[in-house]
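Report on the structure
Spelled out, the chains give:
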Amino acid sequence: MKIDGSVALVTGANRGLGRVYARELVSRGAAKVYGAARDPAAVTEPGVIPIALDITDPERVAQVAAQCTDVSLLVNNAGVLKYSTFTGAPNLDAARMEMETNYFGTLSMCRAFAPVLAGNGGGAIVNMLSVTSFYTNPFDASYGASKAAAWSLTNGVRLELHHQGTLVVAVHASFIDTDMAALTNAPKDTPESVAQQVFDAVEAGQIEVLADERTRTVKAELSHDHELIYPPVQEFWDAAVRGTP
Ligand SMILES: NC(=O)c1ccc[n+]([C@@H]2O[C@H](COP(=O)([O-])OP(=O)(O)OC[C@H]3O[C@@H](n4cnc5c(N)ncnc54)[C@H](OP(=O)(O)O)[C@@H]3O)[C@@H](O)[C@H]2O)c1
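These remarks concern the structure in this document. (Residues numbered from 1 in each chain as written. Predicted model: local features only at pLDDT ≥ 70, side-chain atom pairs only at ≥ 80, totals over all residues. Heavy atoms only, no water.)

**A short note on the overall build of the protein chain**
- Helix and strand counts for the protein chain stand at seven helices and seven strands.
- When the helices and strands of the protein chain are placed in sequence order, the string is β-α-β-β-α-β-α-β-α-β-α-β-α-α.
- Projected onto its principal axes, the C-alpha positions of the protein chain cover 55 × 35 × 30 Å.
- Scored against the burial criterion, the 245 residues of the protein chain give a buried share of 49%. (Helix = DSSP H or I, 4+ residues; strand = E, 2+ residues; numbered from the N terminus. Buried < 20%, exposed > 50% of the residue type's maximum accessible area, 1.4 Å probe, protein only.)

**Some details on the environment of Ala141**
- With respect to the element layout, Ala141 can be found in helix α4 (residues 141-161).
- Taking the C-alpha atoms as reference points, Ala141 and Phe86, 55 residues apart in sequence, are found 6.0 Å from one another.
- Those residues in contact with Ala141, other than ones at most four positions away along the chain, are Ser84, Thr85, Phe86 and Thr136. (Contact = heavy atoms within 4.5 Å.)

**Some points on the site of the ligand**
- Neighbouring residues of the ligand: 27 residues in total, closest Asn14, Arg15, Asn77, Tyr143 and Thr178.
- Measuring from an oxygen atom of the ligand, one finds a side-chain N or O atom of Thr178 at 2.5 Å.
- Across the complex, the protein chains shield 93% of the 890 Å² of accessible surface that the ligand would expose by itself.
- Secondary-structure elements contributing two or more residues to the shell around the ligand are α1 (16-27) and α4.
- For the shell around the ligand, the per-class residue count stands at 13 nonpolar, nine polar and five charged. (Near = heavy atom within 4 Å. Polar contact = N/O pair within 3.5 Å; in protein donor to acceptor, adjacent residues only side chain to side chain. Areas by Shrake-Rupley, 256 points an atom, 1.4 Å probe, with all protein chains shown as cover. Nonpolar A, V, L, I, M, F, W, Y, C, P; charged D, E, K, R; others polar.)

**Regarding the packing of helix α3 (residues 93-119) against α4**
- Running from N to C, α3 and α4 point in directions that differ by 15°, and their axes come no closer than 8 Å. The orientation of α3 with respect to α4, classified from their angle, is roughly parallel. Crossing hand, α3 versus α4: right-handed. For the pair formed by α3 and α4, the contact residues are Ala95, Glu98, Met99, Asn102, Tyr103, Thr106, Leu107, Cys110 and Ala114 on the first element and Ser142, Tyr143, Ala145, Ser146, Lys147, Ala149, Ala150, Leu153, Val157 and Leu161 on the second.
- A per-class count over the contact of α3 with α4 returns 13 nonpolar, four polar and two charged. (Axes fitted to C-alpha atoms, helices over the stretch in contact; angles between N-to-C directions. Parallel < 35°, antiparallel > 145°, perpendicular 65-115°, else oblique. Left-handed = near helix turned anticlockwise from the far one by under 90°.)

**Some words on the side chain of Asn102**
- Along the chain, Asn102 turns up in helix α3.
- Look at Asn102 and you get buried, because its relative accessible area is 2%.
- Setting aside residues up to four positions removed in sequence, Asn102 forms contacts with Ala78, Gly79, Val80, Tyr143, Ser146, Lys147 and Ala150.

**A short note on the pattern of salt bridges**
- In this structure the tally under the stated criterion is ten salt bridges.
- Among the ionic pairs, Lys32 bridges to Asp70, the shortest N-O distance being 2.6 Å. In this pair, Lys32 sits in strand β2 (residues 32-37) while Asp70 sits in the loop between α2 (58-67) and β4 (73-76), placing the two residues 38 residues apart along the sequence.
- Its relative accessible area of 30% is what places Lys32 among the partly exposed residues.
- Asp70 gets classed as partly exposed once you look at its relative accessible area, which sits at 24%. (Salt bridge = Lys/Arg side-chain N within 4 Å of Asp/Glu carboxyl O.)

**With respect to the nonpolar core**
- Within the largest apolar cluster, 32 residues are counted, with the highest numbers of intra-cluster contacts made by Tyr21, Leu25, Leu73, Val171, Val194 and Phe199.
- Apart from residues no more than four positions distant in its own chain, Tyr21 is found in contact with Val10, Val75, Asn77, Met128, Val171, Val194, Ala195, Val198 and Phe199.
- Counting 29 residues, the second largest nonpolar core, distinct from the first, contains Val7, Cys68, Leu74 and Cys110. (Core = buried A, V, L, I, M, F, W, Y, C linked by side-chain atoms within 4.5 Å.)

**Considerations on the side chain of Arg28**
- Within the secondary structure, Arg28 is located in the loop between α1 and β2.
- You can call Arg28 buried: its relative accessible area is 18%.
- Engagement of the side chain of Arg28 in a polar contact is seen with the side chain of Glu203, the distance being 3.1 Å.
- With near-sequence residues (within four places) excluded, Arg28 lies in contact with Ile3, Asp4, Gln196, Phe199, Asp200 and Glu203.

**Focus on a nonpolar patch on the surface**
- Residues Tyr83, Phe175 and Leu183 make up a contiguous nonpolar surface patch of roughly 300 Å² in combined accessible area.
- Position of Tyr83 among the secondary structure elements: in the loop between β4 and α3.
- Residue Tyr83 is classed as partly exposed on the basis of its relative accessible area of 30%. (Patch = residues over 30% accessible without salt bridge, like charges linked within 9 Å, V, L, I, M, F, W, Y side chains within 5 Å.)

Here it is, written out as structure tokens:
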């Protein structure tokens, strides 16, 4: 689909990647860009219309879908990362919050906007996933589970909405230079690079974006994950547990 003239809604548009997604949409000529955020006053990108939205509130999600009936491009960007292990976390709070936001929040948005997109000729959904959709890393284990669930939902929604002509794009990325990745010194992609790749893919009708070399390598190695992906992760984790990383 063409971005020029489209009407887009970006979740988590107040900061990080969501803010850059909204900016890129404006610069590509979107007719209208709704910037959804828990605090709409924090949506300050020029040309972006603030909308109050917590994606974990299904009633509010339904209200926004009823209000923004002109949307043809939905960008499910909002997400949380709590850096929580499966067995070492003190309780299930982080795992529940990640699943509630990254999986159930994204699912609510897809369900609410599917008929809106159908009414506007099919349009497109972009779901912001992760390289950790593909494998588990103990450092962000429960986050990975939520992104694996969101990957599964992305594939399912694509199948379910094919008949109405909706393009469903899965975006997988390793570290991106935002608040979410502030704790790590690992190499990071820029949010601008990710946004450009994503909207190039939307315009080209591509269903998947593998935004960086690490993500492309992991996806290519999936059929040999226990030989190629997990051994170095295990080695790194064991060293961290021993206190000798
Ligand atoms: N940064 C990375 O390394 C990286 C890598 C791969 C994938 N991703 C994914 O990229 C997306 C954007 O992340 P980011 O890097 O921009 O992270 P970020 O800087 O932490 O921003 C996260 C955004 O999501 C919003 N959000 C969180 N929970 C929400 C909720 N319940 N309802 C509405 N908005 C909510 C936040 O709003 P508040 O300001 O209100 O908290 C914020 O706008 C996420 O889905 C993330 O998982 C990030």
